[in-house]
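Next come the chains, spelled out residue by residue.
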Amino acid sequence: MTVALMWEAKAAPGRSGELLAWARAQPLAAEPLRRETFTAPGERVLVITWWDAPYDAELPELPAPDDGGLLARPAHRWRFTSLGPDAPDGPGAP
């Protein structure tokens, strides 16, 4: 089973570059199958890690930054089970 962990945070105004650098610099206690970092308007940073593990496995997650005013709100975290890639023409395509 593949589990995806999502970590999303909104930077304080004008600090998205700092938040992005902080997120990219965070080591994890184990190596995921994949790790990808995204940005979005509104000074948001998203990190997704993929793991070969059961849904309820104890997995390393990005911590909350020792903020110092870096965040506009607390980080959000979600856990998902991967259903695999969709077909090129979308789910259920022949």
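Fair warning: this is a prediction, and the values are worked out from it, not measured in the lab. (Residues numbered from 1 in each chain as written. Predicted model: local features only at pLDDT ≥ 70, side-chain atom pairs only at ≥ 80, totals over all residues. Heavy atoms only, no water.)

Engineer: What exactly am I supposed to notice about the nonpolar core here?
Structural biologist: The nonpolar side chains of a soluble globular protein tend to be buried, and buried together. With 19 residues, the main nonpolar core has Trp7, Leu19, Trp22, Ala23, Leu59 and Leu62 as its most contacted residues. Only strand 1 (2–10), helix 1 (16–25) and strand 3 (44–52) provide two or more residues apiece to this core. Of the residues forming this core, the biggest block, 4 residues, is contributed by strand 1. If near-sequence neighbours (up to four positions away) are discounted, leucine 62 is found in contact with Trp7, Trp22, Ala23, Gln26, Leu28, Arg35, Val47 and Arg77. (Core = buried A, V, L, I, M, F, W, Y, C linked by side-chain atoms within 4.5 Å. Buried < 20%, exposed > 50% of the residue type's maximum accessible area, 1.4 Å probe, protein only. Helix = DSSP H or I, 4+ residues; strand = E, 2+ residues; numbered from the N terminus. Contact = heavy atoms within 4.5 Å.)

Engineer: Please clarify how the packing of aromatic side chains should be interpreted in this entry.
Structural biologist: Describing an aromatic ring pair means giving the distance of the ring centres and the angle of the ring planes. A full pass over the atoms with the stated rule returns 1 aromatic pair. Just above the ring of tryptophan 50 sits the side chain of arginine 34; from NZ or CZ to the centre is 4.3 Å. (Phe/Tyr/Trp six-rings, centres within 6.5 Å; stacked < 30°, edge-to-face > 60°. Lys NZ or Arg CZ within 6 Å of the ring centre and 35° of its normal.)

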